[in-house]
Amino acid sequence: MKTVYGMKASGNCYKVQLLLEQLGEPYRWIEIDSVNGETRTPEYLAKNPNGKVPLLELEDGRLLPESNAILCYLAEGSPYLSTDRWLRAQTQQWLFFEQYSHEPYIAVARFVAKWLPADHPRQAELPKLRERGYQALDVMEKHLAKHEFFVESGYSIADIALYAYTHEAAIGGFDLAGYPRIRAWLARVEAQPRFVAQAY
Ligand SMILES: N[C@@H](CCC(=O)N[C@@H](CS)C(=O)NCC(=O)O)C(=O)O
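Below is a summary of the structure that appears in this document. Every chain is numbered independently, its residues counted from 1 as its sequence is written. Reporting of local features is limited, given that this is a predicted model, to residues whose pLDDT is at least 70; pairs of side-chain atoms are given and counted only at 80 or more, and all residues count toward the totals for whole chains, interfaces and linings. Values shown for side chains rest on all heavy atoms present in the structure; no hydrogens or waters enter the calculation.

**Brief notes about the site of the ligand**
Then, in step 1: Residues are classed as near a molecule or strand on a simple rule: at least one heavy atom within 4 Å of it. Lining the immediate environment of the ligand, one finds 13 residues, of which Arg40, Lys52, Glu66, Ser67 and Gln99 sit closest.
Then, in step 2: Here a polar contact is taken to be a pair of N or O atoms separated by no more than 3.5 Å, where protein atoms must pair a possible hydrogen donor with a possible acceptor and residues adjacent in sequence count only if both atoms sit in side chains. One nitrogen or oxygen atom from the side chain of threonine 39 is found 2.9 Å from an oxygen atom belonging to the ligand.
Then, in step 3: Charged residues are taken to be Asp, Glu, Lys and Arg, nonpolar residues to be Ala, Val, Leu, Ile, Met, Phe, Trp, Tyr, Cys and Pro, and polar residues to be all remaining types, Gly included. Residues that form the shell around the ligand fall into these classes: three nonpolar, seven polar and three charged.

Have a look at this one:
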């Protein structure tokens, strides 16, 4: 059985949990409290020198970090990742968008607002994070004007990756009231078979 080293409160880890649940694949979950330094112990760094969760451990001991790489690996051969070259490239387009233009703002704003004390110096980053986060939401809203899901073929790991932090964007101070298509898409994701809500 595969093992996931993850933290339930992390959207990056929730991506992996959601996909495994939707695949119906059994897995072992080892909770790693990254907020309290458990990703920086010598034992954990030996598994992932980058000191981050999620981390997937295969049955034979091979280790794969990076949430979106894990999604690609796990989704291979399933309806959540097309075999078509163009559709796979579209999926990757949104996975890279999520990591470069979305997560660094929407996830980080959530972290700063929820986990750091009100007088923490990083609170000053919030206006810039929100400005850039709204830019990502604008891109998503525009795409969803003409598409039901992010990739033409239907619900895929691109939706899972983008859902992970978009559904909790409000925690970081993002108001989705002006994003009706994103709100409708969130509901479509939540209506997918074997969907599980993030619980922490
Ligand atoms: N690009 C990575 C980001 C992973 C990441 O930032 N993980 C955070 C939790 S969401 C973490 O482990 N932080 C702990 C640390 O940096 O020590 C991915 O998508 O997996």
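**Brief notes about the environment of lysine 8**
Then, in step 1: By the secondary structure assignment, lysine 8 is in the loop between strand 1 (2-6) and helix 1 (11-23).
Then, in step 2: Along the primary structure lysine 8 and aspartate 33 are separated by 25 residues, whereas in three dimensions their C-alpha atoms are 8.9 Å apart.
Then, in step 3: We call two residues in contact when some of their heavy atoms are within 4.5 Å. Apart from the residues lying within four places of it in its own chain, the contact partners of lysine 8 are Gln17, Trp29, Glu31, Gln198, Ala199 and Tyr200. Strands here mean DSSP runs of E at least two residues long; helices mean DSSP runs of H or I at least four residues long; both are numbered from the N terminus.

**Quick notes on the packing of helix 1 against helix 4 (residues 85-115)**
Then, in step 1: Axis definition: a line fitted to C-alpha atoms, over the contacting stretch in the case of helices. Angles run 0 to 180 degrees between N-to-C directions. Look at helix 1 against helix 4: their axes get within 11 Å of each other, and the N-to-C directions meet at 115°. What the angle tells us is that helix 1 and helix 4 run roughly perpendicular. In contact with Gly11, Asn12 and Lys15 of helix 1, helix 4 contributes Glu98, Gln99, Glu103 and Arg110.
Then, in step 2: Each residue belonging to the contact of helix 1 with helix 4 can be placed in one class, and the counts come to no nonpolar, three polar and four charged. For classification purposes, an angle smaller than 35 degrees is called roughly parallel, one larger than 145 roughly antiparallel, one from 65 to 115 roughly perpendicular, and anything else oblique.

**Considering the nonpolar core**
Then, in step 1: Remark: nonpolar core denotes a set of buried residues (Ala, Val, Leu, Ile, Met, Phe, Trp, Tyr, Cys) joined through side-chain atoms within 4.5 Å. For each residue, the accessible area found with a 1.4 Å probe, counting protein chains only, is set against the maximum for its type, and the residue is called buried under 20%, exposed over 50%, and partly exposed in between. Counting 60 residues, the largest nonpolar core has Ile157, Ile182 and Trp185 as its most contacted members.
Then, in step 2: For this core, the leading source of residues is helix 4, giving nine residues.

**Considering the pattern of salt bridges**
Then, in step 1: Any carboxyl oxygen of Asp or Glu that lies within 4 Å of a side-chain nitrogen of Lys or Arg is treated as forming a salt bridge with it. All told, the structure shown has nine salt bridges when counted by the stated rule.
Then, in step 2: Across the pair glutamate 98 and lysine 15 runs a salt bridge, and its minimum N-O distance is 3.0 Å. One end of the pair, glutamate 98, is in helix 4; the other, lysine 15, is in helix 1, with 83 residues separating them in the sequence. Lysine 15 shares its class with glutamate 98; the two are buried.
Then, in step 3: We note a salt bridge from glutamate 131 to lysine 128, for which the minimum N-O separation is 3.5 Å. Of the two residues, glutamate 131 and lysine 128 are both situated in helix 5 (residues 126-144); the distance of three residues between them amounts to about one turn of the helix.
Then, in step 4: Taking the relative accessible area as the measure of exposure, glutamate 131 reaches 39% and is therefore partly exposed.
Then, in step 5: With a relative accessible area of 48%, lysine 128 lands in the partly exposed category.

**Topic: the sheet that holds strand 3 (residues 55-57)**
Then, in step 1: DSSP-based pairing: two strands are paired if at least 2 bridges between them are found. Strands sit in the order 2-1-3-4 across an open sheet of four strands; the sheet is mixed. The outermost strands of the open sheet, each flanked by one partner alone, are strand 2 (27-31) and strand 4 (63-65). Put simply, the sheet's adjacent strands are angled 20° from each other on average, direction ignored.
Then, in step 2: Pairing of strand 1 with strand 2 involves five bridges; the strand directions are parallel. The residue of strand 2 that forms the bridge with lysine 2 is tyrosine 27.
Then, in step 3: Sheet contacts for helix 1: strand 1 and strand 2; angle to strand 2, the most-contacted strand, approximately 160°.

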